[in-house]
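Examination of the molecular architecture
Spelled out from the first residue to the last, the chains are:
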Amino acid sequence: MSLLEVQNVSRHFGSLVAVNGVSMTVEPGELRAVIGPNGAGKTTFFNMITGFFRPTGGRIVFDGTDITSLLPARRVWRGIARTFQVTEVFPALSVRDNLRIAIEVASGLRLRPFLRRDDQTAVQARVADLLAISNLAPMANRLVGELSHGDQRATEIMMALALKPKLLLLDEPTAGMGDQETYDITQLIRKLHRDQKLTIILIEHDMRVVFHLAERVMVLAQGAVLADGTPQQIAANEAVQTAYLGQAA
Amino acid sequence: MRLDRRAADAVVWLLLLTMPFWLTWIGGYTALGTRVVVLALAAMSLNFLLGFTGVLSFGHAAYFGLGVYGLGLTIKYLVPSSLAGMAVGVIVGTLAAMIIGALIVRLRGIYFAMVTIAFGQVFYFIAYRWNGVTGGDDGLSGWRRLPVDLGFARIDILNSDYALYYWSLFWFAIAVLIMAALLRSPFGRTLLAIRENERRARFLGIPIDRHIWISWTISCLFVSLAGTLYALLNNFADPHDLRWDQSGDFVIMAVLGGMRNFWGPLIGAAIYVVLQDYISSQTENWMSFIGLLFVLVVMFFPRGLLGVLRRRAAP
Ligand SMILES: Nc1ncnc2c1ncn2[C@@H]1O[C@H](COP(=O)(O)OP(=O)(O)OP(=O)(O)O)[C@@H](O)[C@H]1O
Ligand SMILES: [Mg+2]
């Protein structure tokens, strides 16, 4: 069974058609990329999968259930986690607390007025795990708002990961980063995909990252699918080159 | 830092426990201390919502006032018992908050604040208009607090100012310790998460409206508890206790002391009560002094008076 089936979804904003009849089927364990020029509808596509917006047409099936009109929190509970194009973290809390909140919610502890000793130990162990995977351990007690852009993004990714998602959606994870930070984040994503068999869809502008990571690439332009294939096929596709790659060059 | 906070907590509790003894040295009196404790409880309860959930209510006086009237009406018409009055006041205030909260919890920011005022005014007008029962504009008088009989002990809050102070402090302590514990719990951290970044919180799987509703209910529960204590202190229920400007006073206390600091509203309430006591004996216009102080604090110490201490203390 496919993990995610997006069937012919559309989203209108007034007279603007931001996404126009896009379909996508994702199998467990895949790492997919969505690319396209500015305003192509990539983020809107994510927003419909995660419940930020409801589609104006089409259907979304996740893990066998129709989630088209579920509230965002319920989609998270079913296993969809995301990061945002502009970093969304809890800046005035420490890295540790950022992760801890995500872990506690994912462990069903969010309404607990106190923590039993064993739960507390389990949460702490999981915080330590996530810190270790991401190399954030030295900054664990710093406020996220004080960290570098790259470390803030890494924190956000680790928060999403703390939810133990079946599907992770990353909206331009390397946006605004220098070469070293881009490299680090790329390695982190690769590691998550390889070691945890995590299914990932990422939106990305940096072609090096896309070619390095993705097994399959979908190109959106003006809300519609322009092409869909392996990175090599996409690189060779003339329509894509004119609409997108050519424009960037 | 953790040690610092423990030390600060210890100092605050010590000062509160000994207040009736040192207050007279500096020219105060015990009932003034009780007033500080009771209004501090109200302001700290409001701040559970305002400072630690990030939700602004301008209508908390409604639940405070329901506590006041719940107690007064119970003692006057139903049961001559302070405890029964407190129970009724808290239950009525909390139930009203649960129902109204469910209706308004989807609203955000200024819209939420406006609607809390609107609902608050409804209760004010009921108290104001329902002359026969509530005493209307004159307030509810003709009743007094009664000594608390626990069976094994009798606490004479009627005749002893000390007893009333410690009775109030007892309830203050319970409420405040519960709120402090909650803020250190997973549930409390979800509230901080909502305050810090609602979008992130929602996409971590926190059902925002439900958590805000719970926070609101807890906040209003303790505010109505404060209301019942306030009624005991005054032996009187004033329709003003329900009005929007009373709500505003709670917000002022929280902001004055520092709403990001757990003890901030206590300091705010102390300043407010003391200024009110001293200045109102000199001039009618004491509120403009509070207003001036408020403006100065907001301009020069936007994090409140305790916010400054914190920044100084940080490395
Ligand atoms: N909430 C909204 N209200 C109105 N229009 C919107 C909204 N969100 C997106 N749009 C419009 O929909 C179109 C697609 O936007 P979207 O953010 O999905 O593009 P994108 O592919 O993510 O672009 P970028 O690469 O710049 O992030 C744009 O024209 C945008 O202005
Ligand atoms: Mg985008």
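In case you missed it, the structure is sitting above this.
For the structure given in this document, a descriptive report is provided here.

**Some details on the coordination of the magnesium ion (ligand 2)**
All names here are of chain A. Those donors, Thr-43 (OG1) and Gln-85 (OE1), are the protein atoms that reach the magnesium ion (ligand 2), and they lie 1.9 to 2.1 Å from it. Residue Thr-43 is found in helix H1 (residues 42–50), and its partner Gln-85 is found in the loop between strand S6 (80–82) and helix H3 (95–106); the two are separated by 42 residues along the sequence. Accessibility expressed as a relative area gives 24% for Thr-43, which makes it partly exposed.

**What about unusual backbone geometry?**
Residue and element names in this part refer to chain A. Positive phi values are uncommon outside glycine, yet Asp-63 reaches one of about 55 degrees. By the element assignment, Asp-63 lies in the loop between strand S4 (57–62) and strand S5 (65–66). For Asp-63, a relative accessible area of 29% puts it in the partly exposed group. Even without glycine at this site, Lys-164 takes up a positive phi of about 50 degrees. Given a relative accessible area of 58%, Lys-164 falls into the exposed group.

**Observations regarding the sheet that holds S6 of chain A**
Residue and element names in this part refer to chain A. As summarised here, the arrangement of the six strands in space is S6-S7-S8-S3-S9-S10, forming an open sheet in which the pairing is mixed. Of all strands in the sheet, those bounded by a partner on one side alone are S6 and strand S10 (224–229). Between one strand axis and the next, the sheet turns through 20 degrees on average, direction left out of account. Relative to S10, strand S9 (residues 216–221) runs antiparallel, the two being bridged by five bridges. Paired with Val-217 across the bridge in S10 is Gly-229.

**As for the interface of chain A and chain B**
At the interface, 32 residues of chain A touch 23 residues of chain B. Considering only the side of chain A, the residues that lose the most area to chain B are Glu-88, Phe-90 and Arg-110 of chain A, jointly responsible for 23% of the buried surface there. Scanning the region where chain A abuts chain B turns up three salt bridges. One can count 11 residue pairs in polar contact (both at pLDDT 80 or more) joining chain A with chain B. Those elements that provide at least two residues to the side of chain A that touches chain B are helix H2 (72–78), H3 and helix H5 (149–162) of chain A. Partitioning the side of chain A that touches chain B into residue classes produces 21 nonpolar, two polar and nine charged.

Definitions and cut-offs
All residue numbers here refer to positions counted from 1 along the written sequence of the relevant chain. Think of it this way: whatever chain is written first is A, whatever ligand is written first is 1, and the rest follow in order. For a predicted model such as this one, the threshold for reporting local features is a pLDDT of at least 70, and the threshold for listing and counting side-chain atom pairs is 80 or more; totals across whole chains, interfaces and linings nevertheless cover every residue. To get the side-chain values, all heavy atoms of the structure are used, and hydrogens and water are removed first. Donor atoms are limited to N, O and S found within 2.8 Å of the metal ion, a distance that becomes 3.2 Å for Na, K and Ca. With water left out, some sites might look partial. We count a stretch as a helix when DSSP gives it H or I for four or more residues in a row; a strand needs E for two or more, and each element gets its number in order from the N terminus. Per-residue accessibility, obtained with a 1.4 Å probe over protein chains only, is compared with the maximum for each type, and a residue is labelled buried under 20%, exposed over 50%, and partly exposed between these values. Two strands pair if DSSP finds at least two bridges between them. Only the stretch in contact is used when fitting a helix axis, every axis being a line fitted to C-alpha atoms; angles between N-to-C directions are given from 0 to 180 degrees. Whether two residues are in contact is decided by their heavy atoms, any of which lying within 4.5 Å being enough. Values labelled buried area give the accessible surface lost by two parts on being combined, using a 1.4 Å probe and summing over both. When a carboxyl oxygen of Asp or Glu lies within 4 Å of a side-chain nitrogen of Lys or Arg, that pair is called a salt bridge. In protein, a polar contact means a hydrogen-donor-capable atom and an acceptor-capable atom, both N or O and within 3.5 Å, with residues adjacent in sequence counting only if both atoms are side-chain atoms; elsewhere, any N or O pair within 3.5 Å suffices. Put simply, Ala, Val, Leu, Ile, Met, Phe, Trp, Tyr, Cys and Pro go in the nonpolar bin, Asp, Glu, Lys and Arg in the charged bin, and everything else, Gly too, in the polar bin.

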